[in-house]
Amino acid sequence: VTYGQYVDDARLALLEAAQTAVTSRADSHRQVADALAWRNRVLHELDRLVELIATGARPAPVGQPVADDAMTLRRSLRWARTAAGRTEPGRPFALSDQLGVAAEALSVAGDILASHVDPINGPRSTEGLQIARGAGRPEAIVEVAQLVMTLATVDRRLVVWIGGDEPALPSPAAKHVRALRIISGWLATVGRVAGIASRTTSSKRCLVRDLVVAPGERDPVLISAPVAPADCVSVLDDLHLWLIRHPDQVEAHHLAAATRLGLLVATAARRSRCISAAEAAGWRTAIQAFGRIAAPPPPVPDEQLTRLDQAAIALRSDRPDDQTLTALTDRLPILAGAVRTALKRALKRGVMFTQDKALDSRTRTAIHHVITMWTRADPTDLGISNLLVGLNTAIGAAGRRSDGVFPPLVRVSPAGNTLAPASPSTTASARTWSR
Amino acid sequence: VTDMTYVQAAETATHTIVSAHAADVETVHVALELALHGWAWFATDTTGPIRWDLLGTAVQQVAASFHYRDPIVILVQADADEPERAWHATTRLVAAVAEHIGNYFTGDTLPPLQRRHWRESAAVLRTALGAVR
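Residues numbered from 1 in each chain as written. Chains lettered and ligands numbered in written order. Predicted model: local features only at pLDDT ≥ 70, side-chain atom pairs only at ≥ 80, totals over all residues. Heavy atoms only, no water.

Trainee: Quick question: what am I supposed to make of the overall build of chain A here?
Mentor: Tallying secondary structure elements over chain A gives 16 helices and four strands in all. Expressed as a percentage of contacts within chain A between residues at least 6 apart in sequence, the contacts between residues at least 24 apart total 82%. Here chain A has roughly 19,100 Å² of accessible surface; of this, 55% comes from carbon and sulfur atoms. (Helix = DSSP H or I, 4+ residues; strand = E, 2+ residues; numbered from the N terminus. Contact = heavy atoms within 4.5 Å. Areas by Shrake-Rupley, 256 points an atom, 1.4 Å probe, with all protein chains shown as cover.)

Trainee: Explain the environment of D238 of chain A here, please?
Mentor: Along the chain, D238 of chain A falls in helix α10 (residues 232-245). With 66 residues separating them in the primary sequence, D238 of chain A and Q304 of chain A have C-alpha atoms 9.2 Å apart.

Trainee: Please clarify how unusual backbone geometry should be interpreted in this entry.
Mentor: A positive phi angle, near 60°, is found at R273 of chain A, a position not held by glycine. Along the chain, R273 of chain A falls in the loop between α11 (252-271) and α12 (277-288).

Trainee: Is there a simple way to think about the packing of aromatic side chains in this case?
Mentor: Two descriptors summarise a pair of aromatic rings, namely the distance from one centre to the other and the angle between the planes of the rings. Residue and element names in this part refer to chain B. Taken as a whole, this structure holds five aromatic pairs over all chains when the rule is applied. Relative to F42, the ring of Y6 lies with its centre 5.3 Å away and its plane at 55°, an arrangement referred to as tilted. Note that Y6 is positioned in helix α1 (residues 6-19) and F42 in helix α2 (residues 25-42), a separation of 36 residues in sequence. Side by side, Y6 and F42 carry an identical accessibility label, which is buried. Seen from their ring centres, F105 and W118 are 5.0 Å apart, and the 85° between their planes marks the pair as edge-to-face. Of the two residues, F105 is situated in the loop between α4 (83-104) and α5 (112-132) and W118 in helix α5; the sequence distance between them amounts to 13 residues. Taken together, the ring pairs in this structure connect Y6, F42, W52 and W87 into an aromatic cluster. (Phe/Tyr/Trp six-rings, centres within 6.5 Å; stacked < 30°, edge-to-face > 60°. Buried < 20%, exposed > 50% of the residue type's maximum accessible area, 1.4 Å probe, protein only.)

Trainee: Which parts of the structure should I look at to understand the side chain of T90 of chain B?
Mentor: Residue and element names in this part refer to chain B. Relative to the elements of secondary structure, T90 occurs in helix α4. In this structure T90 comes out as buried when scored by relative accessible area, which is 1%. At 2.6 Å, the side chain of T90 and the backbone oxygen of A86 are in polar contact. Excluding its chain neighbours within four sequence positions, the residues that come into contact with T90 are Y6, A35, W52 and L55. (Polar contact = N/O pair within 3.5 Å; in protein donor to acceptor, adjacent residues only side chain to side chain.)

Trainee: I keep staring at the packing of helix α3 (residues 49-63) of chain B against α5 of chain B and nothing clicks. Help me out?
Mentor: Packed helices, taken two at a time, are described by their axes: the angle between them and the distance between them. All names here are of chain B. At a minimum axis separation of 9 Å, α3 and α5 run at an interaxial angle of 175°. Put simply, α3 runs roughly antiparallel to α5. Here R51, L54, L55, A58, V59, Q61 and V62 of α3 lie close against α5, whose contacting residues are S121, V124, L125, A128, L129 and V132. By residue class, the composition of the contact of α3 with α5 is 10 nonpolar, two polar and one charged. (Axes fitted to C-alpha atoms, helices over the stretch in contact; angles between N-to-C directions. Parallel < 35°, antiparallel > 145°, perpendicular 65-115°, else oblique. Nonpolar A, V, L, I, M, F, W, Y, C, P; charged D, E, K, R; others polar.)

As structure tokens, then:
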């Protein structure tokens, strides 16, 4: 069960409580105290949710006022809490029960969130890492604000119960009158929360809503090397050097991860109209060619691959700022060239494998298994040639993007450790080779 | 070419995965290959390729874990589907796969490295779904 489902349960319980508060009346001070106590518990759980969602959030740049919203919400929620109320065993009372259900559901939702973001020791999962960087936060904050507004509906009825024209009890207890003053004062200021609740977010679905409880164990590799979109520039630079300096270590999964990263950079650039559709399509062709190339993950964690995969997650989750995007986009043709060169060397080393397949006789379903042998690849194989066509398309489109000022490719000396600008003929010779 | 469209195949796979009560490697593999097929077929310039690319790269990253198995060729009538319906069927399929991997591929009986690999795989899919929704 996801965080979002528990939050939905809480919302439903609060809506039922609001309805119950309108249609029923308390008949004892104990029931009022009970309702106030559970109301306080709901406020406490909402406050906890906001704290967890905004863990690590700082006053943010324009357009992402998560920290400001969180502060507004937490101030409001703390103001709303009263000292009055204590749960006591007694006759079942629908309003208290419903507020209790909401509080419990919010408590579990908070536990799920805490299992990922861990405000004390730092994120424990990939999702927690992304939330800590801001993914899904605005939507989650708006959702909590909407819950607060639903609770305010319950509070309006509580005010009537305690001190309205027709109070539920003829002589309210002094502590309930004090609670009444606090709740009334809070309701008068809840407009700021309403402003947050009415904010339009990109989508109701968000990363936070899909969370299920994280496993107990922390992933040290994942947590020790977090990557944000701004870090992807150095990831690409490091990758470029590594591909050139360590051609003997390059495997198909490195090339796949590098090409995937190239497409994600192209996707981000395409969103901002920085590159042509043809350039993005070239990267797409290249990465989809890996459908015919064997690129299983390594049996043991690979530092280079982990970093590339983390960079891919970062680019999927966050949009890079303009400066980062420019730097990344500028590196696209260089990346394509480096992957192409590394592919050529990997083919010579015989570490690339492609499918050699024939349909078997099981044709009664839509999905046909094939008898497969992974065979050593050569440049004429369909997967390899598609990969090269895609990379060449991306490089060609990038050349047109920069009005003919093609970013210098890097050529490797025979020793494999010297970098020098490539001659203009490098691209042409590679194209010839690809055919 | 069979009578089944892409959307029908995706919905069938989703239903099978959601109904499973134990690790179903076969169907998860089929589902991921199917989603990759959807990406290859529907991610054209007129159908909003960005969201397909965000999801497709994540699916491909996870599908690589199945390269030790026999690859799958999928023959469906993809041209019979509307891109929008195909997209929604794909997100439902990938969400089901992510949940299935998280529930059944990360048990205590697996070696820690494998457990971690599948945890990360589920996280990759969920993060991509969060990005495209």
